[in-house]
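Examination of the molecular architecture
Here are the chains, one letter per residue:
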2 protein chains.
Amino acid sequence: MFFRKKTLPLTTKIQTQALPGFIELLPSDQILFNDFKAKIIEAYESFGFLPIETPLIEREEVLLAKVGGETEKEIYKIKKGDNNLALRFDLTVPLARYVSEHYHDLVFPFKRYHVGKVYRGERPQKGRYREFYQCDVDIINENELSLQSDAEVLSLIYETFSKLKIGPFRLEINNRKILFGLLENLDLSKKEKEVLRILDKKGKISDQETVELLEKEKIDTGKIEALLKILNFEGSTFEIVEFLKNQNISNETFLTGVTELEEVLISLEVLGVPTHFFKVNLFIIRGLDYYTGTVFETFLLDNLDLGSISSGGRYEKLTENYLDKKLMGVGASIGLSRLFIELKTRGLIKSLKKTTSQVIIIPLTENLIEVGKVAKILREQEIKTEIYLEKSSMKKKLNYANKQEAPFVILLGDEEISEKKFTLKNMNSGEQEKLPIEEIVEKIKINDAL
Amino acid sequence: MFFRKKTLPLTTKIQTQALPGFIELLPSDQILFNDFKAKIIEAYESFGFLPIETPLIEREEVLLAKVGGETEKEIYKIKKGDNNLALRFDLTVPLARYVSEHYHDLVFPFKRYHVGKVYRGERPQKGRYREFYQCDVDIINENELSLQSDAEVLSLIYETFSKLKIGPFRLEINNRKILFGLLENLDLSKKEKEVLRILDKKGKISDQETVELLEKEKIDTGKIEALLKILNFEGSTFEIVEFLKNQNISNETFLTGVTELEEVLISLEVLGVPTHFFKVNLFIIRGLDYYTGTVFETFLLDNLDLGSISSGGRYEKLTENYLDKKLMGVGASIGLSRLFIELKTRGLIKSLKKTTSQVIIIPLTENLIEVGKVAKILREQEIKTEIYLEKSSMKKKLNYANKQEAPFVILLGDEEISEKKFTLKNMNSGEQEKLPIEEIVEKIKINDAL
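Every chain is numbered independently, its residues counted from 1 as its sequence is written. Note on labels: chains are lettered from A, ligands numbered from 1, in written order. Owing to the predicted nature of the model, reporting of local features is limited to residues with pLDDT of at least 70; listing and counting of side-chain atom pairs is limited to 80 or more, with chain, interface and lining totals taken over all residues. The side-chain values count all of the structure's non-hydrogen atoms but skip hydrogen atoms and water molecules.

**Quick look at the interface of chain B and chain A**
- Chain B puts 103 residues into the contact, and the matching count from chain A is 103 residues.
- Here the buried area means the combined drop in accessible surface, using a 1.4 Å probe, for two parts upon being joined, counting both sides. Here chain B packs against chain A, burying approximately 8,800 Å² in sum over the two surfaces, 54% of which is carbon and sulfur.
- When the shortest N-O distance is used, the salt bridge between K391(B) and E263(A) registers 3.5 Å.
- Contacts described as polar in this section are N or O atom pairs within 3.5 Å, which, within protein, must combine one atom able to donate a hydrogen with one able to accept it, while residues neighboring in sequence count only if both atoms come from side chains. For the pair chain B and chain A, the number of links is 46 residue pairs in polar contact (both at pLDDT 80 or more).
- Helix and strand labels come from DSSP, where a helix needs a run of H or I of at least four residues and a strand needs a run of E of at least two; each type is numbered from the N terminus. At six residues, the largest contribution of residues to the side of chain B that touches chain A is made by helix α2 (residues 27-46) of chain B.
- Among the residues making up the side of chain B that touches chain A, the classes are represented as 47 nonpolar, 24 polar and 32 charged. By definition in these notes, contact holds between two residues if any of their heavy atoms fall within 4.5 Å. For this analysis, a salt bridge means a side-chain nitrogen from Lys or Arg found within 4 Å of a carboxyl oxygen belonging to Asp or Glu. Gly is put with the polar residues, along with every residue not named as nonpolar or charged; the nonpolar set is Ala, Val, Leu, Ile, Met, Phe, Trp, Tyr, Cys and Pro, and the charged set is Asp, Glu, Lys and Arg.

**Focus: the side chain of N174(A)**
All names here are of chain A.
- Secondary-structure assignment places N174 in strand β7 (residues 169-175).
- Of note is the side chain of N174, whose polar atom sits 2.9 Å from the backbone oxygen of I284.
- Ignoring sequence-local partners within four residues, the contact set of N174 consists of L179, L261, N281, L282, F283, I284, G293, T294 and V295.

**Brief notes about the packing of aromatic side chains**
All names here are of chain A.
- When two rings of Phe, Tyr or Trp (its six-membered ring) have centres within 6.5 Å they constitute a pair, described as stacked for plane angles under 30 degrees, edge-to-face for angles over 60, and tilted for the intermediate range. Applying the stated criterion across every chain yields a total of 30 aromatic pairs over all chains.
- When the ring of F33 is compared with that of Y133, the centres are 5.4 Å apart and the planes differ by 45°; the resulting orientation is tilted. Of the two residues, F33 sits in helix α2 (residues 27-46) while Y133 sits in strand β6 (residues 131-142), which places them 100 residues apart along the sequence. Accessibility classification places F33 together with Y133 in one group, the buried group.
- Between Y290 and Y291 the ring centres are 5.0 Å apart and the planes differ by 50°, which places this aromatic pair in the tilted class.
- A simple rule labels every residue: compare its accessible area, found with a 1.4 Å probe on the protein chains alone, to the largest value its type can have, and call it buried under 20%, exposed over 50%, or partly exposed in between. Looking at Y290, the relative accessible area reads 22%, which means it is partly exposed.
- Ring-pair connections join several aromatic residues into one group, and the members of that group are F33, F36, Y133 and F340.

**A look at the side chain of S46(A)**
- Structurally, the position occupied by S46(A) is in helix α2.
- Among residues more than four places away in sequence, those in contact with S46(A) are K163(A), R379(B), I383(B), K384(B) and T385(B).

**What about unusual backbone geometry?**
- The residue after F108(A), namely P109(A), is reached through a cis peptide bond having omega 0°.
- As for its position among the elements, P109(A) is in the loop between α5 (92-101) and β5 (110-119).
- Backbone geometry places E405(B), a non-glycine residue, at a positive phi of 55°.
- Turning to its location among the elements, E405(B) is positioned in the loop between α15 (394-404) and β14 (408-412).

**Let's talk about the sheet that holds strand β14 (residues 408-412) of chain A**
All names here are of chain A.
- Any two strands with at least two DSSP bridges between them are considered paired. Taken together, five strands build an open sheet; the order of strands is β13-β12-β14-β15-β16 and the sheet is mixed. Across the chains shown, the open sheet's two edge strands, defined by having one partner strand only, are β13 (385-387) and β16 (432-435). Ignoring strand direction, the axes of neighbouring strands in this sheet form an average angle of 25°.
- Relative to β16, strand β15 (residues 422-426) runs antiparallel, the two sharing four bridges. The partner of L424 across the bridge, within β16, is E433.
- Packed on one face of the sheet, helix α15 (residues 394-404) meets β12 (359-363), β13 and β14 and runs near 175° to β12. To get an axis, fit a line to the C-alpha atoms, keeping to the stretch in contact for a helix; angles then go from 0 to 180 degrees between the N-to-C directions.

Below is the structure:
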């Protein structure tokens, strides 16, 4: 007993790490993350998308209406009283519920963005998180929705990644009807699921392995060849469209798919997206069942192993479980948390600030009245101003300012107060000068504008 | 059976309301809410507070370390695998965990703000929500923390509500040591809990009822009189301080409390908070056990029935369950969701915008190239620009623009394209004129600056 007492800590402390699969950042990274998120929201708003927010908790029946299998297992369930509740796992199901609930109060086409956390109880592993931000945009309309809307969502994703400046990227676009039509044409619709699952592995397995897997599904070698000959065709965006048009395939689904794809691509160019920022990739499938036409993924060309950084598409039956209305949509989602962590880890983005403060005032006097006045003037000029208010040694005060890496420090002692000039220290250059408050304001503002 | 089939809907639809006690806003209110939240964050950052964010889910043992009784019953628990998890019910417990976990990476004094949702499974009732935003600021330091920090938090709350422009308000400030000291002095420390619970009802019950409740606790009439004589003293802020100093009470806790209170009040004035924005209220207690000195609440003077809209105080043992360090703090919290809904319901804030778009382009042509170009130019000028892309009738297009209430609409037809002048309609004045794009940019920017 005595021995045990000696080896156990006197007080048992509680574990303080965030849960595995949950992200928690230090302030410098949080500042960077917030900037990154703000830029995405800015892009979404620049296209006139409206903000919405929904509760993180939903009724279980709402969340389970459209899913099953793997996703259901990943849902965080909450038992509270008689209600079966759960945390949302995406922002699309809440959108469907929201649009149904507020149908009479919304103006259609309803263009909304939603930036929020979602929850998936996956096995934690590299690049997989249990709590992460999604940044969604969708356009919802009743009865019909123009293909220009598909192009608009794509052009917004182009704008967003252009603004984020994270390197060259490309939107890879497809239309599911092309695949469905090809399979119909080859009389392979019965094996649609199996074939799509195999084609979806493209890039992860070799072409030879693709053929082998398809053969395992007992698909005729001739049909496999016919299918892959089309999907593997290489050429520029509009060459691929021409190639598809010249296949003499009369299947209606296929032809609709090709026409839709062409219209989306033309509209995309028309809306100002340079052609080298997008291409056709007939292997793009997207795992989710609800997509019916346009589907796309986005890749960072210098970091292809990162996988798709934004994806989405068009769906026809958004609200079928809630509402007797024909509402359809097209949308895109950016998996912000994973993207941020990956870019950070690869050094493609760097936290540049340890504080958002533009200046730290260090009082060297007991006369805080003047300190308060100086801070007030600076803040009125929209300069983020911190005051060091602890009774510490001069060394400790300066040490704090150094560690925070604020661009400027103001030293404010009795001498300064009587002279009505305050010592402004530029923390980058080390330069230090006594200036009246107006000139201090100017110096800080000029520095900020650089 | 036939009869039942006729009365039941063909398909059973799922309930779409948000859960009771959960807030879900229409876009116009969401825009207002986001503006409101942004102003609070702007105020917090103007004082140099750093942003942090923590997971919404915590280990149950973390959340339960400091609470019991009622709060425990209100916690949303999550069962996932072997882990006992739960949703956070405030931002203070996560702060304590965060500071403990990242102790070696933080710079002290650590000034952080945190705006996030918290969860309490209370019985839903007016003004009580199960999911709501808290906006917290705290200053954490090791070993000691100046009373100027208490004043800084209070002055930040003053600045925040000044910026929100929601009517006259007042900070009501106390120091718990004064109450503890008075009770010690009257030999009532054994009944501290009971007495504080009764005093906390001040304002909700009459003075006579207060006396009766204290008598029920078998407290001497003389002691009740002595206690209430002090607490009920009326006067200006510093008159109350003088009155307390002149009570000839030698109890050390009491005297420390008075000295601390005075220093906080003086610092508050020194930091630029006008005296009529704060007063001493010796009845302010705050329900939470962890406060040890300064405590405060904030009231809207024209809406006193709303109760406190921001409260907080100083605490000494933030991280005692996690870390063998002496970390203390002072903080404040604004219950954003409740405040927003109350102000909205009372008409004290109004949603002014149905969209954040500054202009909606309505194409009256199939030639979308020009539409794309105009949108690009406007967006490059940081004008939030929406394009109406559905193939609808002219009437339907204009109807959309009218409903969205964007300040401007651009009508863009073939005539406009050949003239290189586009029809700009001011939706408020109804004024309509054909202008080159540069003048359109100017008009929209001038309007926005008004």
